[in-house]
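# Residue-level structural notes
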Amino acid sequence: DAKTTQPNSMESNEEEPVHLPCNHSTISGTDYIHWYRQLPSQGPEYVIHGLTSNVNNRMASLAIAEDRKSSTLILHRATLRDAAVYYCILENSGGGADGLTFGKGTHLIIQP
Amino acid sequence: KAGVTQTPRYLIKTRGQQVTLSCSPISGHRSVSWYQQTPGQGLQFLFEYFSETQRNKGNFPGRFSGRQFSNSRSEMNVSTLELGDSALYLCASSLEGPGTVSSYEQYFGPGTRLTVT
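These numbers come from a predicted model, not from an experiment. (Residues numbered from 1 in each chain as written. Chains lettered and ligands numbered in written order. Predicted model: local features only at pLDDT ≥ 70, side-chain atom pairs only at ≥ 80, totals over all residues. Heavy atoms only, no water.)

## Concerning the state of the cysteines
Put simply, the test is: Sulfur atoms of two cysteines make up a disulfide when they are within 2.5 Å. To qualify as a helix, a DSSP run of H or I must reach at least 4 residues; to qualify as a strand, a run of E must reach at least 2; elements of each kind are numbered from the N terminus. Here the term buried applies to any residue with accessible area under 20% of the maximum for its type, exposed to any over 50%, and partly exposed to those in between, with areas from a 1.4 Å probe on protein chains only.
Taken as a whole and judged by the stated rule, the model has 2 disulfides over all chains. Here A:Cys22 engages in a disulfide with A:Cys88; their sulfurs sit 2.1 Å apart. One quick way to see it: the torsion about the S-S bond of A:Cys22 and A:Cys88 is about -85°, and its sign makes the bridge left-handed. Separated by 66 residues along the polypeptide, A:Cys22 in strand β2 (residues 18-23) and A:Cys88 in strand β8 (residues 84-92) bring together distant segments of the chain. In this structure A:Cys22 comes out as buried when scored by relative accessible area, which is 0%. Residue pairing for B:Cys23: its cysteine sulfur links by disulfide to B:Cys91, the two sulfurs lying 1.7 Å apart. Measuring handedness by torsion sign, the sulfur bridge of B:Cys23 and B:Cys91 sits at about -55° and is left-handed.

What follows is the structure, encoded as structure tokens:
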């Protein structure tokens, strides 16, 4: 699987937008970009995924660079409950049999 | 709709013993994956089952095995436990099998915390 690079940690204030970056310079044309997050003492939680176009859902937005070598997860208005480790994952659209390859992720700290 | 459930939530075993962990996927989900999470190695893929068949296996020794039943419930077994097997074992289910995007929308359970002493 193609590798992703994320900052180890980021800090933001409550009720402000958060932009979590992810670099994936070796992404292939068939790799989907997925984001999961893991809250303390819980299993990972699906956040959003995309291929080429920007995506929005009730949890977040995903902005994908035109060359697809980077992407940004956007939390529009962070709350304390958004404090978690966020994982950016690439997976080939050919199938899920290889499982998700989780890196170290970004530890997001939200200050009240 | 109920989420993914895992039993037991906590388990303490001694070296050399074997353990069986259980996972009940979300109703209607046919794919079940297992992951191991440790502070040092992070989240690592163990194996995935779809329609009672193991489709792929991660880089773990043969002491780790699993199976899936006709109702999609899955169990994983670890034999001859070692201290290094202490970890959070996570189960995830998804609706479809390979070749579909939704196979990556995995829904994780709370995990089973295994401590080997």
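Moving on from the coordinates now.
## What about the layout of surface pockets?
As a reminder, the rule being used: Definitions used for this entry: grid spacing 1 Å over protein atoms alone; cavity, a set of points where a 1.4 Å probe fits but cannot get out; pocket, an open set with protein on both sides within 12 Å along at least 5 of 7 lines; lining residue, one with an atom within 4 Å of a point. Grid points are joined across faces, edges and corners, and a volume is the space filled by probe spheres set on the points.
Space inside the largest pocket adds up to approximately 410 Å³. Lining the largest pocket are 19 residues; nearest its centre among them are A:Gln38, A:Gln42, B:Gln37, B:Leu88 and B:Arg113.

## So, the sheet that holds strand β6 (residues 61-64) of chain A
Residue and element names in this part refer to chain A. Stated formally: A pair of strands is considered paired only if DSSP assigns at least 2 bridges between the two.
Overall, antiparallel pairing links the 4 strands, which are arranged β2-β7-β6-β5 in an open sheet. Each edge of the sheet is formed by a strand with only one pairing partner; in this case those strands are β2 and β5 (55-56). Bridging between β5 and β6 involves 2 bridges; their strand directions are antiparallel. Across the sheet, Val-55 pairs through a bridge with Leu-62, a residue of β6.

## Here we look at the pattern of salt bridges
Residue and element names in this part refer to chain A. As a reminder, the rule being used: By definition, a salt bridge exists where a carboxyl oxygen of Asp or Glu is found within 4 Å of a side-chain nitrogen of Lys or Arg.
This structure, assessed with the given rule, holds 8 salt bridges over all chains. Arg-77 is paired through a salt bridge with Glu-15; the nearest N and O atoms lie 3.5 Å apart. Within this pair, whereas Arg-77 is found in the loop between β7 (70-75) and β8, its partner Glu-15 is found in the loop between β1 (9-13) and β2, the two being separated by 62 residues in sequence. Given a relative accessible area of 55%, Arg-77 falls into the exposed group.

## Regarding the side chain of B:Ser31
Residues and elements named next belong to chain B. Going by this rule: Any pair of nitrogen or oxygen atoms within 3.5 Å is treated as a polar contact; in protein, a donor-acceptor pairing is required on top of that, and neighbouring residues in sequence qualify only through side-chain atoms on both sides. Residues are treated as being in contact if the distance between any of their heavy atoms lies within 4.5 Å.
Mapping Ser-31 onto the fold places it in strand β4 (residues 31-38). There is a polar contact of 2.4 Å between the side chain of Ser-31 and the side chain of Glu-48. Leaving out residues up to four positions away in the same chain, Ser-31 has contacts with Glu-48, Tyr-49, Phe-50, Arg-55, Ala-92, Ser-93, Ser-94 and Glu-96.

## Re the side chain of A:Gln6
Residues and elements named next belong to chain A. Checked against the element boundaries, Gln-6 lands in the segment before β1. Within the local environment of Gln-6, its side chain forms a polar contact with the backbone oxygen of Tyr-86, the two atoms lying 2.9 Å apart. Reaching out from Gln-6, the side chain makes a polar contact with the backbone nitrogen of Cys-88 at a distance of 2.9 Å.

## Considering the environment of B:Pro61
Inspection of the secondary structure puts B:Pro61 in the loop between β6 (53-57) and β7 (64-68). When the C-alpha atoms of B:Pro61 and B:Leu46 are compared, they prove to be 9.7 Å apart, with 15 residues separating the residues in sequence.

## Describing the environment of A:His49
Residue and element names in this part refer to chain A. Examined against the element boundaries, His-49 turns out to sit in strand β4 (residues 45-50). A sequence separation of 16 residues divides His-49 from Ile-33, and the C-alpha atoms of the two residues are 5.4 Å apart. At 2.5 Å, the side chain of His-49 forms a polar contact with the side chain of Tyr-46.

## Description of the pairing of β6(B)
Residues and elements named next belong to chain B. For strand β5 (residues 42-50) and β6, the ladder comprises 4 bridges, and the chain directions are antiparallel. Looking across to β6, one finds that Tyr-49 is bridged to Gln-54. Where β5 folds back onto β6 in an antiparallel hairpin, the turn is made up of 2 residues, including Ser-51, whose phi is positive at roughly 50°.

Keep in mind these numbers describe shape, not what the thing actually does.
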